[in-house]
Amino acid sequence: MKYVLVTGGVVSGLGKGVTASSIGVLLKACGLRVTSIKIDPYLNTDAGTMSPFEHGEVFVLDDGGEVDLDLGNYERFLDIKLTRDNNITTGKIYQSVIDKERRGDYLGKTVQVVPHITDEIQEWIEHVAMNPVDGTEEPADVCVIELGGTIGDIESTSFIEALGQFSYRVGPGNFCLVHVSLVPVLNVVGEQKTKPTQHSVRGLRGLGLLPDILACRSTQPLEEHVKVKLAQFCHVPIPNIINLHDVMNIWHIPLLLRDQKAHEAILKVLDLQCVGNVPREPKLAEWTDRASKCDKLKTPVRIAMVGKYTGLSDSYLSVLKALLHASVALNRKLVVDWVPSCDLEDSTAEESPDAYEKAWKSLKGADGVLVPGGFGDRGVQGKILAAKYARENNVPYLGICLGMQIAVIEFARSIMKLNGANSTEFDPTTKTPCVIFMPEGSKTHMGATMRLGSRRTYFQGNKCKSAKLYGNASYVDERHRHRYEVNPDMVPEFEKAGLSFVGRDESGKRMEIIELPTHRFFVGAQFHPEFKSRPGKPSPLFLGLIAAASGQLDHLLQRPCGVFSPTGRCSCFSNGTQNLKVYKNGHVIKPLKGLVNGHYPATGNGAIPI
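From a predicted model like this one, the values you see are computed outputs, not experimental measurements.

The rules behind the values
- Residues numbered from 1 in each chain as written.
- Predicted model: local features only at pLDDT ≥ 70, side-chain atom pairs only at ≥ 80, totals over all residues.
- Heavy atoms only, no water.
- Helix = DSSP H or I, 4+ residues; strand = E, 2+ residues; numbered from the N terminus.
- Rg over C-alpha atoms; globule rule 2.2 N^0.38 Å.
- Buried < 20%, exposed > 50% of the residue type's maximum accessible area, 1.4 Å probe, protein only.
- Contact = heavy atoms within 4.5 Å.
- Areas by Shrake-Rupley, 256 points an atom, 1.4 Å probe, with all protein chains shown as cover.
- Pairing = 2+ DSSP bridges.
- Axes fitted to C-alpha atoms, helices over the stretch in contact; angles between N-to-C directions.
- Core = buried A, V, L, I, M, F, W, Y, C linked by side-chain atoms within 4.5 Å.
- Phe/Tyr/Trp six-rings, centres within 6.5 Å; stacked < 30°, edge-to-face > 60°.
- Patch = residues over 30% accessible without salt bridge, like charges linked within 9 Å, V, L, I, M, F, W, Y side chains within 5 Å.
- Salt bridge = Lys/Arg side-chain N within 4 Å of Asp/Glu carboxyl O.
- Expected span 1.5 Å × (residues − 1).
- Right-handed = clockwise from strand over helix to strand, strands pointing away.
- Parallel < 35°, antiparallel > 145°, perpendicular 65-115°, else oblique.
- Left-handed = near helix turned anticlockwise from the far one by under 90°.
- Nonpolar A, V, L, I, M, F, W, Y, C, P; charged D, E, K, R; others polar.
- Polar contact = N/O pair within 3.5 Å; in protein donor to acceptor, adjacent residues only side chain to side chain.

Student: Can you walk me through the overall build of the chain in this structure?
Tutor: Along its length, the chain carries 20 helices and 25 strands. Over its C-alpha atoms the chain spans a radius of gyration of 26 Å, differing by no more than 12% from the 25 Å that the globule rule assigns to 610 residues. For the chain, with 610 residues in total, the buried portion stands at 57%. Residue pairs in contact within the chain that sit at least 24 positions apart in sequence constitute 70% of those at least 6 positions apart. Surface accessibility of the chain: about 25,700 Å² in total, with carbon and sulfur atoms responsible for 51%.

In C-alpha cells, the structure reads:
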C-alpha cells in the first residue's frame, strides 16, 4: 500500500479537501485504485451533532456514518463509496483506546499518547486503507490521507507525531507528503510573498515531517522567481512545486495538477512511475470535456434555495454540487438565488421590509424552487410559504427531507383546510400531526440516533415522474438522515385530496417520495438524493428539477430508460449487443448503434440527440 498525506499551512480553508480529491482523480486516471481518509482533530466522535454554520454540512455515507463534508468531495471526485471509518477523529481514537484499556488489552501498562494513541492512529489508517471502496473486492493501490486543520494546531499534535512515525514505518517509496500552503499578494506591495509558506514548512519539518511536494495556493499563477525562492528555502525541488491558482470551477484542479506534471512527481516518490516499462499517463479526456463545458455554458437556469443556513454555502455543499451536476448535464448555467426562509415571513415584513422584498423578489424570479433539509422551527413558516408559492404557481419544486415534510404540511393547511396541521417537531401538542417522531428515534441522545444511511424506497407503479427519472426502476437505494416522518395514519386522507405518495419503504408505512400529479414538477423526497450525485452521474431528482425549470422535462422523461448523462452512460444496457432507439415526442426517429459496455457516443446536447 502506498500513502499520500495532504497537510495544510498558514490558514484554514485553502482547499485541502479539493486538492486531496484532485490528487486522487489524477492517480486514478493513471490506472491506480484509490481510497481516501480524512483526519479531523476535533474531539467529537463524528460530525453528526455539529452546527452547519460552524462546520458546514454533515455528509452521510451508505453505512449511516455522519462525517466531514470532505468525504463528499472524495466520493464525488473519485466515484467511490466510503465508510464511517474513513473519517478519523480524536474522539474516535481516544474512545477506542479507552475501551481497550477498560478491557485490559494493555496488560496493566500506563496508557499514554505515545505509544498507545499514536499506535492506534497508525493501525486505524492501515486497516481502513485496505477496505475496497470501488465496488470490487480488490484493495486500493494508494490511500490519500487529508489531515484537517493547519500545521501548528494543538489539536493535531498526536496525529502529526503518529504520521511522522508512520512515514518511517512504511519506509521510503511508500509515503508522499503534499503540503498545501498560501502564497498571498499584499495589496500595498503587489508581489507574491513566500514567507508564510517558508514558516509553515519550517514548522512542519520541526515536527518531523518533510514535504515532498508543495501545492501553493494563490490568486494568480506563481512567478518563476517565486518558485526558485520556495525551492531554495523549503528544500523542495522546483518540479515538485505545484501552483493551484484560482480557476473558474474546481473541476479544473485535476487538470492543473496534470499540466504541471504533479502525477510524475508523486509517482516518482511512491516508486510507481511505470506499468511494466510504460510510463503512467493520466487519462482525463472525459474530465477535461466536462470542465470545459461548464465554463462555456451561457443559458441560465435560476434556482431559489430556501433555507436557514444560507449565510454559509458549505452548509448545503452537496445540494449545490448536485444542482451543478444536473445543470451541466442539461446544458444550463446554474444560478442559485439564496433565500433566507425567515425573510419570507410576515414578521420580517414589519422588522426589515427591504429583506422581505428582496426574498420574495428572488423567489418569484426563480425558474425552480428547492427547499433542503434542516432541523428546528426557525424559518419553517418561510419554507411553507415557498412551497405554497411553487404549488400555486406551477413552479418546479423539489423538497428534500424537511422540504418534503413542509410541503405535506402546506398541502394539509391549504388544500385540506386543516389549519392546525403541523409537525410534532414544531408543535408537540398539535391536534393534526401530519409529521410525527419516528418510533425508533431517541429524544434524549443526539448523536447517531436518527434514521441514517442507505435505505430502500419502492416505487408505487412506474407512471410517476420520479420512477421515470430513475429509469423506470422498481426501487432505489438512497441515503437518509431524519427523525421525523409523514404520519402514516393520515396518508389515505392526503391521497384522497390529490397528493400522491409514489415511493414507500419495504413496509409500505413509511413515506419516501411525494408528487402532485397535476403539477409541472412538484416532488418531495424524505431521503437526501444529493449525497449520491456525481459529476458524470447526476442525481435523477435534481435532473428532474433542472429539466422542469429549463423546459426540458418532457424530453427527459421520453428517453428509453429515463436516464440522462452527458457521458453517454445508459443504465438500460449492460453489454454491447443492444441498439439504442432515439425518441422524439414518443416516436422512434432513428436507432443509435455502436454501444460498447453500455456506452454510446455523446452528442453536443447530451447523450441522446433530440
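Student: Just to check I follow, could you spell out the sheet that holds strand β2 (residues 34-40) for this structure?
Tutor: Paired through backbone hydrogen bonds, the strands of a sheet run either parallel or antiparallel to each other. Strand order across the open sheet formed by seven strands is β5-β2-β6-β1-β7-β8-β9, with parallel pairing between neighbours. On the outer flanks of this sheet lie β5 (87-89) and β9 (241-245), each paired with one strand and no other. Neighbour-to-neighbour, the strand axes of this sheet turn through a mean angle of 20°, independent of strand direction. Sheet topology places strand β1 (residues 2-8) next to strand β6 (residues 142-147); five bridges connect them, and they run parallel.

Student: Would you explain the nonpolar core in this entry?
Tutor: Side chains that are nonpolar tend, in soluble globular proteins, to be buried together. Ranked by internal contacts, the top residues of the largest apolar core, which has 52 residues, are Val4, Val6, Ile23, Leu27, Val178, Trp251 and Ile266. Top contributing element to this core by residue count: helix α1 (residues 16-29), with seven residues. Leaving out residues up to four positions away in the same chain, isoleucine 23 has contacts with Val4, Val6, Val144, Val178, Leu257 and Ile266.

Student: Would you take a moment to explain the packing of aromatic side chains for this structure?
Tutor: For any pair of aromatic rings, geometry is given as the distance between the ring centres together with the angle between the planes. Summed over the entire model, instances satisfying the criterion amount to 13 aromatic pairs. Residues phenylalanine 437 and tyrosine 484 carry aromatic rings whose centres are separated by 5.2 Å and whose planes lie at 80° to one another, so their mutual orientation is edge-to-face. Residue phenylalanine 437 is located in strand β17 (residues 432-437), and its partner tyrosine 484 is located in strand β20 (residues 484-486); the two are separated by 47 residues in the primary sequence. Residue class for phenylalanine 437 comes out buried when judged on its relative accessible area of 15%. Taken together, Tyr3, Phe166 and Phe175 form an aromatic cluster joined through their ring pairs.

Student: Please explain a nonpolar patch on the surface as it appears in this structure.
Tutor: Side chains of Tyr94, Ile98, Val113 and Val114 sit close together on the surface and give an oily, nonpolar patch of about 320 Å² of accessible area. Among the elements of the structure, α4 (90-103) and α5 (113-129) are those that each provide at least two residues to the nonpolar patch. Along the polypeptide, valine 113 turns up in helix α5.

Student: Just to check I follow, could you spell out the sheet that holds β20 for this structure?
Tutor: One open sheet holds the three strands; their spatial order is β16-β17-β20, and the pairing between them is mixed. Unpaired on one side and paired on the other, β16 (421-423) and β20 mark the two borders of the sheet. Adjacent strand axes in the sheet meet at a mean angle of 25°, parallel and antiparallel pairs treated alike. Those strands touched by helix α16 (residues 402-414) are β16, β17 and β20, and its axis lies near 165° from that of β16.

Student: Looking at this structure, how should I read α5?
Tutor: Structural remark: α-helix, 3.6 residues per turn; residues separated by three or four positions point the same way. Between its first and last C-alpha atoms α5 spans 23 Å; for 17 residues at 1.5 Å apiece the expected length is 24 Å, and the two agree. Those residues of α5 lying buried are His116, Ile117, Thr118, Glu120, Ile121, Gln122, Trp124, Ile125, Val128 and Ala129.

Student: Looking at this structure, how should I read the pairing of strand β7 (residues 175-182)?
Tutor: On a regular strand, each side chain points to the face opposite its neighbour's, so the side chains alternate between the two faces of the sheet. Where burial is concerned, most of β7 is hidden: seven out of the eight residues are buried. Sheet topology places β1 next to β7; six bridges connect them, and they run parallel. Its bridge partner lying in β7, valine 4 is registered against cysteine 176. Note: β7 against strand β8 (residues 213-218), five bridges, orientation parallel. Residue pairing across strands places valine 178 opposite isoleucine 213, the latter belonging to β8. Read from β7 through helix α7 (residues 195-206) to β8, the crossover connection turns out right-handed.

Student: Is there a simple way to explain the packing of α7 against helix α8 (residues 224-234) in this structure?
Tutor: Packed helices, taken two at a time, are described by the angle their axes make and the gap between the axes. Where α7 meets α8, the axes come as close as 10 Å, and the angle between the chain directions of the two elements is 25°. Relative to α8, the element α7 lies roughly parallel. Relative to α8, α7 is oriented so that their crossing is right-handed. Contacts between α7 and α8 involve Thr197, Gln198, Val201 and Arg205 on the former and, on the latter, Lys229, Leu230, Phe233 and Cys234. Its residues assigned to classes, the contact of α7 with α8 comprises four nonpolar, two polar and two charged.

Student: Can you walk me through unusual backbone geometry in this structure?
Tutor: The bulk of non-glycine residues show a negative phi, and the bulk of peptide bonds are trans. Cis rather than trans, the peptide bond between valine 114 and proline 115 has omega equal to 15°. Take proline 115: it is sitting in helix α5. Even without glycine at this site, leucine 107 takes up a positive phi of about 55°. Within the element layout of this structure, leucine 107 appears in the loop between α4 and α5. In this structure, asparagine 394 takes a positive phi of about 55° despite not being glycine. If you trace the backbone, asparagine 394 turns up in the loop between α15 (380-392) and β15 (397-400).

Student: Any chance you could explain the environment of lysine 38 here in plain terms?
Tutor: By secondary structure assignment, the location of lysine 38 is in strand β2. Residue lysine 38 is classed as buried on the basis of its relative accessible area, which comes to 3%. Separated by 32 residues in the primary sequence, lysine 38 and aspartate 70 place their C-alpha atoms 7.3 Å from one another. Ignoring anything within four residues of it in the chain, the contact list for lysine 38 reads Asp68, Asp70, Leu71, Tyr74, Asn86, Asn87, Ile88, Glu146 and Gly148. Separated by 3.1 Å, the side chains of lysine 38 and aspartate 40 make a polar contact. There is a polar contact of 3.0 Å between the side chain of lysine 38 and the side chain of aspartate 68.

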